[in-house]
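Residues per chain are reported as follows:
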Amino acid sequence: MNITVVGTGYVGLVTGACFAEMGNSVTCVDTDESKVHQLMDGNIPIYEPGLEAIVRENNKAGRLLFNTSLPQAMQQSALYFIAVGTPPGENGSADLTYVLNVAREIGRNLQDYAIIVNKSTVPVGTACKVRAAIQSELDARGVEIEFDVVSNPEFLKEGAAIDDFMRPDRIIIGVDSERAREKMADLYHSFSRNHDKLMFMGIRDAELTKYAANAMLATKISFMNEVANLAERMGVDIENVRKGIGSDSRIGYSFIYPGCGYGGSCFPKDVQALIHMGDEFSFDTSILRAVEERNQAQKQRLFEKLEQRFGPDMSGRVVGVWGLAFKPGTDDMREASSISLINRLVAAGATVRAYDPIAMDEARRWFAPELFERGQIVFCDHQYDALADADAMVLVTEWKPFRQPDFNAMKKLLKHPIIIDGRNQYDPYALKAQGFDYAGIGRDLG
Ligand SMILES: NC(=O)c1ccc[n+]([C@@H]2O[C@H](COP(=O)([O-])OP(=O)(O)OC[C@H]3O[C@@H](n4cnc5c(N)ncnc54)[C@H](O)[C@@H]3O)[C@@H](O)[C@H]2O)c1
Ligand SMILES: O=c1ccn([C@@H]2O[C@H](COP(=O)(O)OP(=O)(O)O[C@H]3O[C@H](CO)[C@@H](O)[C@H](O)[C@H]3O)[C@@H](O)[C@H]2O)c(=O)[nH]1
């Protein structure tokens, strides 16, 4: 099949590379020229395990091409995937500017029947807007060309994106035409051979399914964070509670890890967008608002635990931070908990020494340059360098090399043996026995 994918971010590039890997001919289009040139040279602008290899192999085999021109790419195919960003607008609603720009460009250049598949996360009713945008361009050209719009939301997780795309739990497809349904079934056949993963439904159903999935996962996390904060006050260890409830198959273990708040490009913006959709339909999404509020508060918990120990004025204090990315396995810094922590520490007068195995180049862009110039933030070459003469160590992102560190070495490096564990990776009882002052999330045993 010949496919055009518009947008070469996490979703567009993974989608394009995985379809090419299955033998399709794919052209990925992006308006960002530097990104496209980087990709043409075989370099991947993002860190995503396994992606570089399949991009290079398929590019070499001629199945995966890159272009800055959508009209040129459109000539090669009749199946267009829209995978551009839908960032939060000022009021939390999803900003559809990029999606509708692509729709209009498709309308200006469409020559023959085509299927336009929306892979971006978009509010209910967006397919209608995409259809209207294309149609108005066709009307302006005075041509009549048939086309179908399909909703096919993406469920990949950063850091596991290839596997999620290649072995999906389900493939949600919202369609309202038999022709489009057949084409989509054909396209996804090889991803769903042994188990029928394809779920066809109405277009609006598919659009809401994506938001409901992310909101449900975010709710699980905020719920656990709330119980963890309560457990702390009660002298209860949340890790025992987590295991206790996770063993109930109706609850399960996934997405109930308490922590220093959820981040990334999806949960925060998608929960906000769903709240906004509720407002538009005059429906108060009170659970979602609580989920969002709990998450904002949770992102302050690590700072609060340091504040309890040092007081509000942290001048002269040095804090070693392990992990900057919003989760392990990615260099994505969008809505990362490290951002609020580090900015608050610096505002309180502390110096931050931080280390992340992958995200430091990307992270540099997320803090004011003068903080590096004045030495208030120092990015270190090694995880242990970040602890040199630090008054405390804070774990923000649970990268694997942070999971079983050398606690003896840490004790020697730290001025005060304080460990604030934002991801409950360490054994509080063992650390206490070694003389550490340890605080996790929902396991602040004093
Ligand atoms: N990141 C994820 O893990 C993930 C997972 C599932 C769904 N989503 C959703 O998928 C969509 C894309 O997310 P992302 O993280 O890949 O975004 P991104 O910001 O990483 O990439 C978007 C790309 O689109 C390009 N673009 C913008 N306008 C364009 C145009 N007119 N023509 C061509 N290219 C254009 C940008 O230059 C950019 O490279 C969003 O709606 C997001 O919510 C993201
Ligand atoms: O038990 C948990 C699980 C996750 N997190 C945090 O939640 C955030 C999001 O994690 P994850 O879902 O693994 O990463 P994303 O790449 O943001 O993926 C989510 O968002 C994507 C974009 O919509 C969806 O496609 C995915 O299905 C959905 O999992 C991260 O900050 C995690 O640290 C927790 O705090 N506790």
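Residues numbered from 1 in each chain as written. Chains lettered and ligands numbered in written order. Predicted model: local features only at pLDDT ≥ 70, side-chain atom pairs only at ≥ 80, totals over all residues. Heavy atoms only, no water.

What follows concerns the site of ligand 2. Neighbouring ligand 2 are 19 residues, the closest being Leu156, Glu158, Lys210, Asn214 and Cys266. Within the backbone of Phe155, an N or O atom sits 2.8 Å from an oxygen atom of ligand 2. In the model, an oxygen atom of ligand 2 is placed 2.8 Å from a nitrogen or oxygen of the Lys210 side chain. Where the shell around ligand 2 is concerned, the elements lending two or more residues are helix H9 (203–234) and helix H11 (267–280). A class-by-class count of the residues in the shell around ligand 2 yields ten nonpolar, two polar and seven charged. (Near = heavy atom within 4 Å. Polar contact = N/O pair within 3.5 Å; in protein donor to acceptor, adjacent residues only side chain to side chain. Helix = DSSP H or I, 4+ residues; strand = E, 2+ residues; numbered from the N terminus. Nonpolar A, V, L, I, M, F, W, Y, C, P; charged D, E, K, R; others polar.)

Further remarks concern the packing of aromatic side chains. Per the stated rule, a full pass over the model turns up 14 aromatic pairs. When the centroid spacing of 5.7 Å and the interplanar angle of 85 degrees are considered together, the rings of Trp322 and Tyr384 count as edge-to-face. With a gap of 62 residues between them, Trp322 in strand E9 (residues 318–322) and Tyr384 in the loop between strand E11 (377–379) and strand E12 (392–395) connect regions that are remote in the sequence. Neither Trp322 nor Tyr384 differs from the other in exposure class; each is buried. (Phe/Tyr/Trp six-rings, centres within 6.5 Å; stacked < 30°, edge-to-face > 60°. Buried < 20%, exposed > 50% of the residue type's maximum accessible area, 1.4 Å probe, protein only.)

In this section: the sheet that holds strand E10 (residues 351–355). Strand order in the open sheet made by the six strands is E11-E10-E9-E12-E13-E14, with parallel pairing throughout. Two strands bound the open sheet, and with one partner strand each, they are E11 and strand E14 (437–439). Ignoring strand direction, the axes of neighbouring strands in this sheet form an average angle of 20 degrees. Where E12 meets strand E13 (residues 418–421), three bridges bridge the pair, whose relative direction is parallel. The partner of Val394 across the bridge, within E13, is Ile420. Those strands touched by helix H13 (residues 301–310) are E9, E12, E13 and E14, and its axis lies near 155 degrees from that of E13. Helix H14 (residues 337–347) contacts E9, E10, E11 and E12 of the sheet and is inclined by roughly 155 degrees relative to E10. (Pairing = 2+ DSSP bridges. Axes fitted to C-alpha atoms, helices over the stretch in contact; angles between N-to-C directions. Contact = heavy atoms within 4.5 Å.)

Before going further, it helps to examine the layout of surface pockets. Space inside the second largest pocket adds up to approximately 180 Å³. What lines the second largest pocket is a set of 13 residues, among which Pro123, Val124, Lys129, Met277 and Glu280 lie closest to the centre. Of all elements in the fold, only helix H6 (126–141) and H11 reach the threshold of two or more residues within the lining of the second largest pocket. For the lining of the second largest pocket, the element with the highest residue contribution is H11, accounting for four residues. Of the residues belonging to the lining of the second largest pocket, the class tally is seven nonpolar, four polar and two charged. Counting contributing residues per domain, the lining of the second largest pocket is built from domain 1 (2–200) and domain 2 (211–296), each supplying no fewer than three. (1 Å grid on protein atoms, 1.4 Å probe; cavity = no way out; pocket = protein on both sides within 12 Å on 5 of 7 lines; lining within 4 Å. Points joined across faces, edges and corners; volume = space filled by probe spheres on them. Domains from an automatic or database assignment.)

Next up on the list: the nonpolar core. The biggest cluster of nonpolar side chains holds 62 residues, and the ones touching the most others in it are Leu306, Trp322 and Tyr426. Examining the composition of this core, we find that five residues originate from one element, H14, more than from any other. There are two domains that each give this core at least three residues, and those are domain 2 (211–296) and domain 3 (299–439). Setting aside anything within four residues of it in sequence, one finds Leu306 in contact with Gly311, Met314, Val319, Leu341, Leu345, Ala392, Val394 and Ile420. Judged by nonpolar contacts, the second largest core, of 41 residues, contains Ala20, Ile46, Ala161 and Leu198. (Core = buried A, V, L, I, M, F, W, Y, C linked by side-chain atoms within 4.5 Å.)

For the rest of this paragraph, the subject is the domain arrangement of the protein. Each assigned domain of the protein is listed with its residue range as follows: domain 1 (2–200), domain 2 (211–296) and domain 3 (299–439). One C-alpha centre belongs to domain 1, the other to domain 3, and the line joining them spans 38 Å. Regarding the contact of domain 1 and domain 3, the summed buried area is about 610 Å², with carbon and sulfur atoms giving 47% of it. Taken as a group, Tyr10, Tyr47 and Glu158 account for 82% of the area that domain 1 buries against domain 3, more than any other trio of residues on that side. Close ionic contact of Arg334 with Glu158 constitutes a salt bridge, the shortest N to O distance being 3.8 Å. The residue inventory of the side of domain 1 that touches domain 3, partitioned by class, reads four nonpolar, one polar and two charged. (Buried area = accessible area lost by both parts, 1.4 Å probe. Salt bridge = Lys/Arg side-chain N within 4 Å of Asp/Glu carboxyl O.)

Let's shift gears to the UniProt feature "binding site: substrate" (unreviewed entry) in the protein. With numbering matched to this structure, UniProt assigns "binding site: substrate" (unreviewed entry) to Phe155, Leu156, Lys157, Glu158, Lys210, Phe255, Ile256, Tyr257, Pro258, Gly259, Gly263 and Lys327. In three dimensions, the annotated residues from a span of 173 residues occupy distinct locations, with a maximal C-alpha spread of 23.7 Å. One can find Phe155 in the loop between strand E6 (147–151) and helix H7 (161–166). Those residues in contact with Phe155, other than ones at most four positions away along the chain, are Asp164, Arg170, Ile172, Thr209, Lys210 and Ala213. Among the structural elements, Lys327 can be located in the loop between E9 and H14. If near-sequence neighbours (up to four positions away) are discounted, Lys327 is found in contact with Lys157, Glu158, Thr397 and Trp399. (UniProt positions renumbered as here; feature names shortened; annotations may be inferred.)

What follows concerns H9. Over its 32 residues, H9 runs 47 Å from end to end, which matches the ideal 46 Å to within 8%, given 1.5 Å per residue. Gly235 sits one or two positions beyond H9 and adopts a positive phi of about 70 degrees. (Expected span 1.5 Å × (residues − 1).)

A surface patch of nonpolar side chains, about 270 Å² in accessible area, is lined by Leu230, Met234 and Val236. The residue Leu230 is located in helix H9 in this model. (Patch = residues over 30% accessible without salt bridge, like charges linked within 9 Å, V, L, I, M, F, W, Y side chains within 5 Å. Areas by Shrake-Rupley, 256 points an atom, 1.4 Å probe, with all protein chains shown as cover.)

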